Amino acid sequence: MDIKDTARPLDAAAVSAFLRSLPTEPLLLGLGEARHFVEELGELRNEIFRHLVEHEGYRSFTIESDCLKGLTVDDYITAGTGTLDDVMRHGFSHNFGASPANRELVRWMRAYNEQHDEKLRFFGFDGPLEYWAASPRQALTALHTLLNDPLPCTMETLDALLGPDDRWSNEATIMDPSQSIGQSTDAQRLRLLTDDLMALLDTQAPRLSTTDRERAALYGRTATGLLRYHHCMADPSPARWARLSALRDAMMAANLHAVAEHGPALVFAHNLHLQRNKSLMPLGDQLLEWWSAGAITQTRLGDRYAFLASALGTTGDDTPPPDTVEGILSTLPWDHSLIDAHRLAQTITKPAPRTSRDFAYFPLDPAQLDTIDGIVFLKQAVRLG
């Protein structure tokens, strides 16, 4: 089979044809990043999402960004709350608000909602964390506020147990578990109170509006996840980093499960979070292993989860060797291609793994092609952040 028989130029028709090729309509369509801050990929993502909204009935978008900050973006998109500048400054984590493609997406979603009764929704699905975790204050106090008496504790009790936020956001805990308060008496009591508040939410759910139920559940998931993460930050065992990575992806998966209730939705995040196989990462003399958010989501949604990985040919001065997957795909005649990954796996035999000089780029794993539904391939990526 010729390599061109597995691919077609990436355009609106290709996206619709890809969806028709799937066994069933996905509730979540993951579009992965092989590298963060590739503006060309962000622009292609915007074109894909516009097509999905206008022709495939998609109404939700979610990105690998702080789930609580994402509420600011959603309020702007759905109700016009705030300004675009403020939303881009305060509505994203990981510096994603600085991306021109993200700004254009938010602007377009707001403009669409001004003209249509059926509103588009925006969600962040990462926790308020990267290598360290934020204070659970925002999530816990917001959940407490939405619930009625009899409450398991007062707001003053929560405030006293939480203490200053900087003791939770101490970056020194990254390397020194002994500086974490995650296994302190206060933290342990907060975990029990969070469980009590979540149980109370179940009993009071009928009196809450749909929006308040969704937000209360988000606050509860986030507080629970953050307290688990902080508890693990205080763990001095060699398994610490693998557990932290797994907890982060589990938080992502829980948020994706909630987004699926608003599906079909487009999910935009790093390939490593959306892939179906185990994530592997070397750290010193260890090889960390954990199940990604995509793998967890697959167990819950089955065929209702689909995954498009992205791959890049030349990035800057780094050109893929011709015997790698990216090198083979670079022979395609189009700048942007959509490839059937299953057919590609049958067509190319034993491609070499790529080692990229771009430390931020994660090449495709040739052994995992058959776990991907499709590949969005950019022959060249120039604008790298």
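Residues numbered from 1 in each chain as written. Predicted model: local features only at pLDDT ≥ 70, side-chain atom pairs only at ≥ 80, totals over all residues. Heavy atoms only, no water.

By the naming in an unreviewed UniProt entry, the protein chain goes by Erythromycin esterase-like protein and is assigned to Streptosporangium becharense.

Burial analysis of strand E8 (residues 305-315) places 11 of its 11 residues in the buried class, the great majority of the element. Summarising the sheet, strand E2 (residues 28-33) and E8 pair through 4 bridges and their orientation is parallel. In the strand pairing of E8, Leu31 is matched with Leu308. Relative to strand E10 (residues 374-381), E8 runs parallel, the two being bridged by 7 bridges. Counted as the bridge partner of Ala309 is Ile375 from E10. (Buried < 20%, exposed > 50% of the residue type's maximum accessible area, 1.4 Å probe, protein only. Helix = DSSP H or I, 4+ residues; strand = E, 2+ residues; numbered from the N terminus. Pairing = 2+ DSSP bridges.)

Moving on to the side chain of Arg35. Within the fold, Arg35 resides in the loop between E2 and helix H2 (39-56). Judged by relative accessible area, which is 8%, Arg35 ranks as buried. A distance of 2.7 Å separates a polar atom in the side chain of Arg35 from a polar atom in the side chain of Asp358. (Polar contact = N/O pair within 3.5 Å; in protein donor to acceptor, adjacent residues only side chain to side chain.)

So, on to the domain arrangement of the protein chain. Domain parsing of the protein chain yields domain 1 (3-129 + 252-381) and domain 2 (136-250). With 27 residues of domain 1 in contact, the opposing surface of domain 2 contributes 18 residues. Counting across the domain 1 and domain 2 interface gives 4 salt bridges. Residue Glu214 pairs with Arg121 through a salt bridge whose shortest N-O separation is 3.9 Å. At the boundary of domain 1 with domain 2, the tally comes to 13 residue pairs in polar contact (both at pLDDT 80 or more). When residues of the side of domain 1 that touches domain 2 are traced back to their parent elements, those giving at least two are helix H3 (70-79), strand E4 (121-126), helix H10 (240-260), strand E7 (286-291) and helix H12 (293-301). Of the residues that constitute the side of domain 1 that touches domain 2, the class distribution is 15 nonpolar, 6 polar and 6 charged. (Domains from an automatic or database assignment. Contact = heavy atoms within 4.5 Å. Salt bridge = Lys/Arg side-chain N within 4 Å of Asp/Glu carboxyl O. Nonpolar A, V, L, I, M, F, W, Y, C, P; charged D, E, K, R; others polar.)

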